[in-house]
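Chain by chain, the residues run as shown.
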Amino acid sequence: MRLLHTSDWHLGRAFHRVNMLGAQAEFIRHLVTTVRERAVDAVVVSGDVYDRAVPPLAAVELFDDALHRLAALGVPTVMISGNHDSARRLGVGAGLIGRAGIHLRTEPSAAGTPVVLADADGEVAFYGLPYLEPALVKDEFGVEKAGHAAVLAAAMDRVRADLAARPAGTRSVVLAHAFVTGGEPSDSERDITVGGVAAVPAGVFDGVDYVALGHLHGCQTLTDRVRYSGSPLPYSFSEAAHRKSMWLVDLAADGSLGAERVDCPVPRALARIRGTLEDLLADPELAQHEEAWVEATLTDPVRPADPMARLAERFPYTLSLVFDPDRDEDESEVSYARRLAGRSDQEIAEDFVAHVRGAGPDPHEQGVLRDAFDAVRADETVREVAR
């Protein structure tokens, strides 16, 4: 069975100030063309179909168009909800849509109930594990302490129990939206840390033939059977080195597989350039980036006048301007944004405690802070879904 694995469409999202809807529509056309021309038997979409719980109308219309195009091909599609999606909204009409061969899996309780497809070699069971917010699903899965590893392990126990009851030789595919250990993140994924831990071990998925992951935006192989497709388009300059693609996976009768990357159309290259303003404007080696979307980091000791306007004369698609002066400076003179760069909410809070009382939080207090951040994030998820 030939599968096309994709994820993290983020329909409705912009890239800095650039509207990406046209590029997202081009990706959908490319997806449909690939399904038709490469004789794909099933499409799997591993979450974050939309960029937010209540997407703009134009994004909903594009998703509707994608469903119609895929259904018209007569090729089954299995989709799960991600942490950016509203599972309840995405799952509306799932029963009816399923009759057209588009199978939406957004309910955690259905983790052990697969979509079963068949080819000449027999049946393939597709298990959809939507994004599992630990605080909201721990009761469903009967785990005592909310955590990504615990709820995913419990969901996979249901998968393995169902698979064990099926005829020998039944192949299996799991769709999951999670941060799995070994994956390389970028700046454009929403933080899903719970209890100080965001990642789960790849071993939690043992026992199935292929795991189609979503959440991280870089296409990557954790093991031969556990892969991220990555997002089809860039959503931050941290993705400048990414090769945007999908996985074309051939699942043989004996469960062995082969995988090929299929490149996605990207509207414009990304470039990160660094130096003084005068150097950036004069360096001949930067000519290759003149038509790219550019993030420029200026190292001038003193901020130059009109830097964005001057950069735009050579690099008309400059979208981001960062100042990082090359000078010796006391830590107290470093900007607030630079001091916080790369630090988690937990670390910032612990630093604040240390600042106001002269000593950082003890282990018990660190636990209180973690619980507070977890509770706030879970509450925000509930409120977003209820909007």
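What this report covers is the structure whose coordinates are included nearby. Keep in mind the model is a prediction, meaning the values are calculated, not measured.

Calculation rules
Residues numbered from 1 in each chain as written. Predicted model: local features only at pLDDT ≥ 70, side-chain atom pairs only at ≥ 80, totals over all residues. Heavy atoms only, no water. Helix = DSSP H or I, 4+ residues; strand = E, 2+ residues; numbered from the N terminus. Buried < 20%, exposed > 50% of the residue type's maximum accessible area, 1.4 Å probe, protein only. Contact = heavy atoms within 4.5 Å. Lys, Arg positive; Asp, Glu negative; His and termini not counted. Charge placed at Lys NZ, Arg CZ, Asp CG, Glu CD. Pairing = 2+ DSSP bridges. Axes fitted to C-alpha atoms, helices over the stretch in contact; angles between N-to-C directions. Right-handed = clockwise from strand over helix to strand, strands pointing away. Parallel < 35°, antiparallel > 145°, perpendicular 65-115°, else oblique. Left-handed = near helix turned anticlockwise from the far one by under 90°. Nonpolar A, V, L, I, M, F, W, Y, C, P; charged D, E, K, R; others polar. Arc of directions from axis to C-beta. Salt bridge = Lys/Arg side-chain N within 4 Å of Asp/Glu carboxyl O.

1. Looking at the overall build of the protein chain
Then, in step 1: Within the protein chain, the secondary structure is distributed over 11 helices and 19 strands.
Then, in step 2: With respect to the three principal axes, the spread of C-alpha positions in the protein chain is 70 × 55 × 40 Å.
Then, in step 3: A burial count over the protein chain gives 48% of its 387 residues as buried.
Then, in step 4: When contacts within the protein chain are restricted to residue pairs at least 6 apart in sequence, those whose partners lie at least 24 apart make up 69%.
Then, in step 5: Here the protein chain holds 39 positive side-chain charges and 60 negative ones, and the gap between their average locations is 4 Å.

2. Here's the deal with the environment of Gly218
Then, in step 1: Examined against the element boundaries, Gly218 turns out to sit in the loop between strand E12 (210-214) and strand E13 (220-223).
Then, in step 2: Look at Gly218 and you get buried, because its relative accessible area is 7%.
Then, in step 3: In sequence terms Gly218 and Gln366 are 148 residues apart; their C-alpha atoms lie 32 Å from each other.
Then, in step 4: Those residues in contact with Gly218, other than ones at most four positions away along the chain, are Tyr228, Gly230 and His242.

3. Quick look at the sheet that holds strand E18 (residues 293-298)
Then, in step 1: Taken together, 3 strands build an open sheet; the order of strands is E17-E18-E19 and the sheet is parallel. In the strand order of this sheet, the two ends are held by strand E17 (270-275) and strand E19 (318-323), each with one partner. Strand-to-strand, the axes of this sheet are offset by a mean angle of 15 degrees, without reference to chain direction.
Then, in step 2: Of the strand pairs in this sheet, E18 and E19 are connected by 5 bridges, and their pairing is parallel. Directly across from Glu295, in E19, lies its bridge partner Ser320.
Then, in step 3: On top of the sheet, helix H8 (residues 307-314) reaches E18 and E19; it is set at about 135 degrees to E19, its chief contact.

4. Quick look at the pairing of E18
Then, in step 1: With 6 of 6 residues buried, E18 lies mostly within the body of the structure.
Then, in step 2: Across the two faces of E18 the burial is the same, with Trp293, Glu295 and Thr297 and Val294, Ala296 and Leu298 all buried.
Then, in step 3: In terms of strand pairing, E17 meets E18 through 6 bridges, oriented parallel. Bridge pairing in E18 places Ile273 opposite Ala296.
Then, in step 4: Once the chain exits E18 it traverses H8 before rejoining the sheet at E19, and the crossover so formed is right-handed.

5. Some remarks on the packing of helix H5 (residues 134-141) against helix H6 (residues 148-164)
Then, in step 1: Orientation of H5 relative to H6, taken along the N-to-C sense of each, is 40 degrees, at an axis distance of 10 Å. Here H6 runs oblique to H5, going by the angle between their axes. As for the relative orientation of H5 and H6, their crossing is left-handed in sense. Taking contact as the criterion, the partners of Pro134, Val137, Lys138, Glu140 and Phe141 in H5 are, on H6, His148, Val151, Ala154, Ala155 and Arg158.
Then, in step 2: Residues that form the contact of H5 with H6 fall into these classes: 6 nonpolar, 1 polar and 3 charged.

6. Notes on H8
Counting along an α-helix, one turn takes 3.6 residues, and residues three or four places apart therefore face a common direction.
Then, in step 1: Every buried residue of H8 is accounted for by Pro307, Leu311 and Arg314. The buried residues of H8 occupy an angular sector of 55 degrees when projected down its axis, which confines them to one face.
Then, in step 2: Tucked inside the fold, the buried residues of H8 contact helix H7 (277-282), E18 and E19.

7. Let's talk about the environment of Gly230
Then, in step 1: Position of Gly230 relative to the elements: it lies in the loop between strand E14 (226-228) and strand E15 (245-251).
Then, in step 2: Accessibility expressed as a relative area gives 0% for Gly230, which makes it buried.
Then, in step 3: Separated by 11 residues in the primary sequence, Gly230 and Cys219 have C-alpha atoms spaced 4.2 Å apart.
Then, in step 4: Look past the residues within four positions of Gly230 in its chain and what remains in contact with it is Ser7, Leu216, His217, Gly218, Cys219 and Ser245.

8. Things to note about the pattern of salt bridges
Then, in step 1: Taken as a whole and assessed by the stated rule, the structure comprises 17 salt bridges.
Then, in step 2: Linking Arg2 and Asp250 is a salt bridge whose minimum nitrogen-to-oxygen distance equals 2.7 Å. With Arg2 in strand E1 (residues 2-6) and Asp250 in strand E15, the pair connects residues that are 248 residues apart, well separated along the chain.
Then, in step 3: The partly exposed category is assigned to Asp250, whose relative accessible area is 33%.
Then, in step 4: In this structure, the salt-bridge partner of Glu26 is Arg29, at a minimum N-O distance of 2.8 Å. Of this pair, Glu26 and Arg29 both sit in helix H1 (residues 21-37), 3 residues apart, roughly one helical turn.
Then, in step 5: A relative accessible area of 35% means that Glu26 is categorised as partly exposed.
Then, in step 6: Linked by salt bridges that have partners in common, Arg274, Asp324 and Asp326 make up one network.

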